Amino acid sequence: AQRVTQPEKLLSVFKGAPVELKCNYSYSGSPELFWYVQYSRQRLQLLLRHISRESIKGFTADLNKGETSFHLKKPFAQEEDSAMYYCALRIYNQGGKLIFGQGTELSVKP
Amino acid sequence: DAGITQSPRYKITETGRQVTLMCHQTWSHSYMFWYRQDLGHGLRLIYYSAAADITDKGEVPDGYVVSRSKTENFPLTLESATRSQTSVYFCASSDWSNQPQHFGDGTRLSIL
């Protein structure tokens, strides 16, 4: 079964500390993974797409097929990074639908 | 992205009523999606559409109806609303199935 798991509901760090938001997936096909961010009561915005290998707002994520993981990392957290983060897996045989994890709320304290 | 708009932004209604949530996109994207967002579940797909007049069920379609007579519109109807359908509803669109999805601002629906 296709599944995305984000084990942490809430992650709280201090400004300047490193951040790692965990994401594990289960999928028999070739995975395509995304990170979306949702600032307070706003729309979801695409943060990262694994195939583009970009760094957005200082965040990076590497797909590890052996560990079936796509963890999101940032070396120095900023207060403006406080938001809800969703990891998502694309399923191509259903219109490219996304399967989302439960989300991790990141709180960066001053 | 002002290209995808949802209306209304907030809606309160009673159980048993019919409610329609609107989604409009100006990009002429082929694919459109409806998700609901609930605490502890993340976002779950209700219905999607690959093109005008083509729709298909997602993970949680029960109690919902969709239509897509025009490429730019993808309304979601709750035919007889229940309290369990209280949620935040997001519409999304993408140009192709392999392109990123762009989300609307969401509709916060409360059913009393």
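Predicted model, so just to flag it, every value in this text is computed and none were measured.

So, about the overall build of chain A. Across its full length, chain A holds 0 helices and 11 strands. Scanning chain A from its N terminus toward the C terminus, one meets helices and strands in the order β-β-β-β-β-β-β-β-β-β-β. For chain A, whose C-alpha radius of gyration is 13 Å, the value lies close to the compact-globule estimate of 13 Å for 110 residues. Dimensions along the principal axes, computed over C-alpha positions, put chain A at roughly 45 × 30 × 25 Å. Across the 110 residues in chain A, those meeting the buried criterion constitute 48%. For chain A, the proportion of contacts with a sequence separation of at least 24, taken over those separated by at least 6, is 57%. Of the roughly 5400 Å² of accessible surface on chain A, 49% is carried by carbon and sulfur atoms. Charge centroids of chain A, computed over 15 positive and 10 negative side chains, lie 6 Å from each other.

Once that is clear, we can look at the pattern of salt bridges. Taken as a whole and assessed by the stated rule, the structure comprises 9 salt bridges over all chains. Note that Glu32(A) and Arg90(A) form a salt bridge whose closest N and O atoms lie 2.9 Å from each other. Placement of the pair is Glu32(A) in the loop between β4 (24–26) and β5 (33–38) and Arg90(A) in strand β9 (residues 83–91), with a sequence separation of 58 residues. With respect to burial, Glu32(A) and Arg90(A) carry one shared label: buried. A salt bridge links Arg36(B) to Asp38(B), with the shortest nitrogen-to-oxygen separation between them at 2.8 Å. No difference in accessibility class separates Arg36(B) from Asp38(B), as the two residues are buried. Salt bridges sharing common partners tie together Glu20(A), Lys22(A) and Lys73(A).

Moving on: the confidence of the model for chain B. Per-residue pLDDT for chain B averages 93, and the proportion of residues at 70 or more is 98%. Strand β5 (residues 42–51) of chain B is the least confidently modelled element of chain B, averaging 92 in pLDDT, while strand β8 (residues 76–78) of chain B averages 98, the highest of any element.

Right, let's talk about the layout of surface pockets for a bit. One simple way to see leftover space: roll a probe sized like a water molecule over the atoms. Each pocket or cavity is described by its volume, and for the largest pocket that value is around 620 Å³. Gln38(A), Met84(A), Tyr86(A), Gln37(B) and Leu39(B) are, among the 29 residues lining the largest pocket, the residues nearest its centre. Within the residue set of the lining of the largest pocket, elements represented by two or more residues are β9 of chain A together with β4 (31–38), β9 (87–94) and β11 (107–111) of chain B. Sorting elements by how many residues they give to the lining of the largest pocket places β9(A) first, with 3 residues. Looking at the lining of the largest pocket, its residues break down into 9 nonpolar, 12 polar and 8 charged.

This brings us to the sheet that holds strand β3 (residues 19–21) of chain A. Two modes of strand pairing occur in sheets, parallel and antiparallel, and in both the strands are linked by backbone hydrogen bonds. Residues and elements named next belong to chain A. The strand order β3-β8-β7 describes an open sheet built from 3 strands, whose pairing is antiparallel. On the outer flanks of this sheet lie β3 and β7 (60–61), each paired with one strand and no other. In the sheet, β3 pairs with strand β8 (residues 72–74) via 3 bridges, with the strands oriented antiparallel. When the bridges of β8 are listed, Leu21 appears paired with Leu72.

Reading the values: rules and limits
- Throughout, residues of each chain are indexed from 1 in the direction in which the sequence is written.
- Here the convention is simple: chains get letters from A, ligands get numbers from 1, in the order in which they are written.
- Since the coordinates come from a predicted model, pLDDT governs what is reported: local features require at least 70, and pairs of side-chain atoms require 80 or more to be given and counted, while whole-chain, interface and lining totals use all residues.
- The side-chain numbers reported here are obtained from all heavy atoms of the structure, hydrogens and water having been left aside.
- The numbering of helices and of strands both runs from the N terminus, where a helix is a DSSP run of H or I of at least 4 residues and a strand a run of E of at least 2.
- For a compact globule the rule gives 2.2 Å times the number of residues to the power 0.38, and the radius of gyration it is set against comes from C-alpha atoms.
- Remark: exposure states derive from per-residue accessible area (1.4 Å probe, protein chains only) relative to the maximum for the residue type, with buried under 20%, exposed over 50%, and partly exposed in between.
- We call two residues in contact whenever any of their non-hydrogen atoms come within 4.5 Å of each other.
- Where accessible areas are quoted, they stem from the Shrake-Rupley method and a 1.4 Å probe; at the residue level, only the protein chains shown are allowed to cover.
- Note on charges: Lys and Arg go in the positive column, Asp and Glu in the negative column, and His and the chain ends are not counted at all.
- Working definition for charges: the position is that of NZ of Lys, CZ of Arg, CG of Asp or CD of Glu.
- Just to be clear on terms, a salt bridge is a Lys or Arg side-chain nitrogen sitting within 4 Å of an Asp or Glu carboxyl oxygen.
- The pLDDT value tells you how sure the predictor is about a given residue, anywhere from 0 up to 100.
- Definitions used throughout: a 1 Å grid over protein atoms alone; a cavity as a set of points that fits a 1.4 Å probe which cannot get out; a pocket as an open set with protein on both sides within 12 Å along at least five of seven lines; a lining residue as one with an atom within 4 Å of a point.
- Grid points are joined across faces, edges and corners, and a volume is the space filled by probe spheres set on the points.
- Gly is placed with the polar residues, together with every amino acid not listed as nonpolar (Ala, Val, Leu, Ile, Met, Phe, Trp, Tyr, Cys and Pro) or charged (Asp, Glu, Lys and Arg).
- Being paired, for any two strands, means DSSP has found at least two bridges between them.

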